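What follows is each chain in one-letter form.
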Amino acid sequence: MARPRDLARSFYKRDSRVVGPELLNKVLVHGRRRARLVEVEAYVGGIDPGSHAYRGQTPRNAVMFGPAGHLYVYFTYGMHWCANAVCGELGEGTAVLLRAGEPLAGLDEMHAARPGAKGIERDLCRGPARLCQALGIDGTLNGVDLVAPGGVRIVDDGVPPPVGPGASVRIGLSAGADLPWRWYVPDNRYVSR
DNA sequence: ACCGGGATGTTCT
DNA sequence: GAACATCCCGGTG
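Quick summary incoming for the structure in this document.

The rules behind each value
Starting from 1, residues in each chain are numbered consecutively following that chain's sequence as written. Chain letters and ligand numbers both follow the written order, the letters beginning at A and the numbers at 1. Local features in a predicted model are, by the rule used here, given only for residues with pLDDT of at least 70; side-chain atom pairs are given and counted only at 80 or more, and totals for whole chains, interfaces and linings are based on all residues. Hydrogens and water molecules were not included; the side-chain quantities draw on all heavy atoms of the structure. Helix numbering and strand numbering both begin at the N terminus, where a helix is a DSSP run of H or I of at least 4 residues and a strand a DSSP run of E of at least 2. Radius of gyration here uses only the C-alpha atoms, and the compact-globule reference equals 2.2 Å multiplied by the residue count raised to the power 0.38. Think of it in three bands: with a 1.4 Å probe and only protein chains considered, a residue is buried below 20% of the maximum accessible area for its type, exposed above 50%, and partly exposed in between. Cavity and pocket criteria rest on a 1 Å grid covering protein atoms alone: a 1.4 Å probe that fits but cannot get out defines a cavity, protein on both sides within 12 Å along at least 5 of 7 lines defines an open pocket, and an atom within 4 Å of a point defines a lining residue. Grid points are joined across faces, edges and corners, and a volume is the space filled by probe spheres set on the points. Basically, the charged four are Asp, Glu, Lys and Arg, the nonpolar ten are Ala, Val, Leu, Ile, Met, Phe, Trp, Tyr, Cys and Pro, and anything else, Gly included, counts as polar.

**Focus on the overall build of chain A**
The secondary structure content of chain A amounts to 4 helices and 8 strands. The helix and strand sequence of chain A, counted from the amino end, reads α-α-β-β-β-β-β-α-α-β-β-β. Relative to the globule expectation of 16 Å for 193 residues, the C-alpha radius of gyration of chain A, 15 Å, shows essentially globular dimensions. Projected onto its principal axes, the C-alpha coordinates of chain A cover approximately 40 × 35 × 35 Å. Here chain A, with 193 residues, has 50% of them falling under the buried criterion.

Printed below as a string of structure tokens:
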């Protein structure tokens, strides 16, 4: 089984389109709450018109251009938070959006944080903003080290990524809508839409 | 089941 | 002023 340290190396100096599918079946951890990642999307600096990093660094996306293995959290539609794992080299601006997860632990806290799910486990983490709401991830966690103990982490509990991940275009974009950089665990009921 | 629209405010043109 | 890496609710079939 890989240790957290090995996971940190896997983000570093590697493209989000490579790291993305490898993050499937890894576990997102915040306090007692844990969710297995079943759906992700890659965003790439410079070449990707769908990425926040496409037009260069701004105050909002600064974390994307920082060191790999950190959490980029952004606010959208006036009410939702979404979270990414930063990859690649310093200054590159490439990251993996965490789109959905299967709840594993701390379900009581997730339900309390997500009244909109109406007690339905399937709806706790199915969608990028739902996942953040369920895990208690918001702007105060923007930039945190994903491998340091105590905060938000992504850990490997020994379940390998799917050998043949599902793939599709990304969801909810206008620019870059044709790029097939979404991956998911096939036939998993916690994948969105 | 599917579809349409409202919420809500930050970011960038 | 428009767009936005979304979600929720209420309508209809």
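After that view of the structure, there is still more to cover.
**Observations concerning the layout of surface pockets**
Picture a little ball the size of a water molecule; that probe, rolled over the atoms, points out where space is still empty. What the largest pocket holds in volume is close to 550 Å³. Taken together, 22 residues form the lining of the largest pocket, with Y74, Y77, I171, G172 and L173 sitting closest to its centre. Counting only elements with at least two residues in the lining of the largest pocket, the list comes to β2 (33–43), β3 (71–76), β4 (80–87), β5 (94–105) and α4 (128–135). A class-by-class count of the residues in the lining of the largest pocket yields 12 nonpolar, 7 polar and 3 charged.

**What to know about α4**
For α4, the tally of buried residues reaches 6 of 8 residues, placing the bulk of the element in the interior. Phi for G136, located one or two positions after α4, is positive at around 75°.

**Some remarks on the environment of A148**
The residue A148 is located in the loop between α4 and β6 (152–155) in this model. Counting along the chain gives 79 residues from A148 to G69, while the straight-line C-alpha distance between them is 9.7 Å.

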